[in-house]
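Inside the fold
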Amino acid sequence: MKIIRESPYIWRIKKYDNMKVDAIIFTDSKTINNSEYQEAINQLINVATLPGIVKAAYAMPDIHWGYGFPIGGVAAFDKDEGIISPGGVGFDINCGVRVMITPLNYKDIDIDIDKLIKEIYNEIPVGIGSRTKFKFSVKEMKNIIENGAYWAVSNNYGISEDLNNIEDSGKIIYADSKKISSEAIKRGSNELGTLGSGNHFIEIQKVEKIYDKEKAKEWGLFENQIVYTVHSGSRGLGHQVATDYIKIFRDNLKEWNKKIPDKQLINAPFNSQYGQDYFFAMNGAANFAFANRQVMGHQIRKIFKKIYNVNVKLLYDITHNIAKLEKHNINGKEMDLIVHRKGATRAYENQPVLIPGDMGTSSYILIGTAKSMKLAFGSSAHGAGRVLGRRQAKRRLNSSAVINELKEKNIHLIAKSKSTIVEEAPEVYKNIEDIVNIIEKIGISKKIAKLTPVGVVKG
DNA sequence: ATGTGC
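Here is a short report on the structure shown in this document. (Residues numbered from 1 in each chain as written. Chains lettered and ligands numbered in written order. Predicted model: local features only at pLDDT ≥ 70, side-chain atom pairs only at ≥ 80, totals over all residues. Heavy atoms only, no water.)

What chain A contains, in helices and strands, is 13 helices and 19 strands. Over its C-alpha trace chain A gives a radius of gyration of 21 Å, about what one expects of a compact globule, namely 23 Å for 459 residues. Principal-axis analysis of the C-alpha atoms gives chain A an extent of 60 × 50 × 45 Å. In chain A, once contacts between residues fewer than 6 apart in sequence are set aside, the share between residues at least 24 apart is 77%. By element, 47% of the accessible surface of chain A is carried by carbon and sulfur atoms, the whole surface being about 18,500 Å². (Helix = DSSP H or I, 4+ residues; strand = E, 2+ residues; numbered from the N terminus. Rg over C-alpha atoms; globule rule 2.2 N^0.38 Å. Contact = heavy atoms within 4.5 Å. Areas by Shrake-Rupley, 256 points an atom, 1.4 Å probe, with all protein chains shown as cover.)

With respect to the helices, strands and loops of the structure, lysine 79 is situated in the loop between strand 5 (71-78) and strand 6 (83-84). Judged by its relative accessible area of 26%, lysine 79 is partly exposed. Spatially, the C-alpha atoms of lysine 79 and alanine 152 are 31 Å apart, while their sequence positions differ by 73 residues. The residues contacting lysine 79, other than those within four sequence positions of it, are Phe270, Asn271, Leu325, Asp336 and Leu337. (Buried < 20%, exposed > 50% of the residue type's maximum accessible area, 1.4 Å probe, protein only.)

All right, on to the nonpolar core then. Buried together is how nonpolar side chains tend to be arranged in soluble globular proteins. If you look at the biggest cluster of nonpolar residues, it comprises 92 residues, and the most contacted ones within it are Ile120, Ile204, Val241, Met282 and Phe304. Here this core takes 15 residues from helix 8 (residues 273-308), the largest share from any one element. Look past the residues within four positions of isoleucine 204 in its chain and what remains in contact with it is Leu116, Ile117, Ile120, Ile226, Val227, Tyr228, Phe304, Thr452, Pro453, Val454 and Gly455. (Core = buried A, V, L, I, M, F, W, Y, C linked by side-chain atoms within 4.5 Å.)

Strand order across the open sheet formed by seven strands is 1-2-3-4-5-13-12, with mixed pairing between neighbours. Each of the sheet's edge strands pairs with one partner strand only, and the pair in question is strand 1 (3-7) and strand 12 (321-330). Direction aside, the axes of adjacent strands within the sheet are offset by 25° on average. As defined by bridge partners, strand 2 (residues 10-13) adjoins strand 3 (residues 22-26) across four bridges and the pair is classed as antiparallel. By the bridge assignment for strand 3, tryptophan 11 is matched with isoleucine 25. Seen against the sheet, helix 2 (residues 35-47) touches strand 2, strand 3, strand 4 (56-64) and strand 5 and runs at an angle of roughly 160° to strand 4. Packed on one face of the sheet, helix 8 meets strand 12 and strand 13 (333-342) and runs near 115° to strand 12. (Pairing = 2+ DSSP bridges. Axes fitted to C-alpha atoms, helices over the stretch in contact; angles between N-to-C directions.)

Here the focus is a nonpolar patch on the surface. On the surface, Met1, Ile3 and Tyr16 cluster together into a nonpolar patch covering about 270 Å² of accessible area. By the element assignment, isoleucine 3 lies in strand 1. (Patch = residues over 30% accessible without salt bridge, like charges linked within 9 Å, V, L, I, M, F, W, Y side chains within 5 Å. Salt bridge = Lys/Arg side-chain N within 4 Å of Asp/Glu carboxyl O.)

This paragraph deals with the environment of glycine 357. With respect to the secondary-structure elements, glycine 357 resides in the loop between strand 15 (352-355) and strand 16 (363-368). Among the residues examined, glycine 357 registers a relative accessible area of 13% and is labelled buried. Distance from glycine 357 to glycine 443, taken between C-alpha atoms, is 20 Å for residues 86 residues apart in sequence. In this structure glycine 357 touches Phe201, Ser362, Ser363 and Ile432, once residues within four positions along its chain are discounted.

With that settled, consider the environment of tyrosine 316. Structurally, tyrosine 316 is set in strand 11 (residues 313-319). Residue classification places tyrosine 316 among the buried positions, given a relative accessible area of 9%. Considered as a pair, tyrosine 316 and glutamate 167 are 149 residues apart in the sequence and their alpha carbons are 7.7 Å apart. When neighbours within four sequence positions are excluded, tyrosine 316 is seen to be in contact with Val97, Arg98, Val99, Asn165, Ile166, Glu167, Arg346, Gln351, Pro352 and Leu354.

Next up on the list: the layout of surface pockets. In this structure, the second largest pocket occupies an estimated 300 Å³ of space. Every residue lining the second largest pocket is counted, 17 residues in all, and those nearest its centre are Asn18, Lys20, Thr49, Lys259 and Pro261. Here the lining of the second largest pocket is composed, by residue class, of eight nonpolar, five polar and four charged. (1 Å grid on protein atoms, 1.4 Å probe; cavity = no way out; pocket = protein on both sides within 12 Å on 5 of 7 lines; lining within 4 Å. Points joined across faces, edges and corners; volume = space filled by probe spheres on them. Nonpolar A, V, L, I, M, F, W, Y, C, P; charged D, E, K, R; others polar.)

Oppositely charged side chains are able to pair whenever their charged atoms sit close together. Scanning the model with the defined rule gives 28 salt bridges in all. The partner of lysine 206 in a salt bridge is glutamate 208, with the nearest N and O atoms 4.0 Å apart. Here glutamate 423 makes a salt bridge to arginine 390, at a shortest N to O gap of 3.2 Å. Note that glutamate 423 is positioned in helix 12 (residues 418-423) and arginine 390 in helix 10 (residues 390-396), a separation of 33 residues in sequence. The class of arginine 390 is partly exposed, set by a relative accessible area of 38%.

It is worth stressing that arrangement in space is one thing and function is another; only the former is reported here.
Encoded structure:
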């Protein structure tokens, strides 16, 4: 294996053996040789062997091991010759982030943070197995799956201008509820508007720093402003879709998959019936996730209206777990590609890029660049990335110490489960500043604003 | 991530 340093933060592994293209890693010299990176880099090399892959397999600075494909990876496949793989999307289909902005200043609100997060916690079901009290009918579920955030806004969970500020307007058209199992639909029927667990969160944040005054103003951001972020996905419904199609592919595409270097890279030709079925089911789950974040974002907006009598706007809502049909310019030729972003954020030129950190540090609002279109199919990083596994975290940390540590930083926390507090502690994550600085130095996104948490709701 | 595992 030959790693070439192409620039201070770009590393290229020249293709060898069964690789069809090179692998490219965006990171610094400190981490490229880190042994903990090696598993993820091996996964990236495996991805580079898959049929129809175009240009290279890419890794963002926050890569770590994932199911088959590394988390923090981008892989684009030719629409006609290439594949689609559930492992390239992840189990939490359309896990993503939305940032909503208030006109409030931190000094107007600081005494009420506990009250505010408690209201949110009481309104929105959080934690593993979190459910709403009511269930949607199968007919209504189909409507949600095919219409996403558009469904939510049409049903009074939002205002029409919200839809202008969601990736794909919160509704992917290549979605078909008939491709989703009744089991998945049943699981989703009382999950709309629920947060979930793990790294999912709701954070009340303060705009700590503005890097680009003009763009921040255009986007409605100012220093010390109160904003909030919702990080969640497609809950049990999306998880069931992933599980279902991995099994369907295993049962029916044995011959097609006999050469894959890792069973978890199971895939279907994009243009086959199985590939299309997964694509339409996956997009249905993605629409469910768009609706889910839309509902939660709007419920919190209503809480702000009630307590502070202010109007809240949606800055942007974006996914970091999806495979999308996109047109890209490859060596002067426009190509239709199926771009898998797993733990990677779309970063089209001028588009807001939302990268959350851990609950003790900060999150960033950035902007996509022309360079990102050229270097990584218009993609960027998605978060800090773990340094400690969940089990290790439990062994080394305890929840009251984490709560105290946050308290010292004036961060209020309300969480359903003590083990989640420990598994998601600041110590468990890499430094988000490093990740953001690397992607900015490469030029695939530019910083607009830095957010620091003041109130956190966790599962 | 997940009614937390084959």
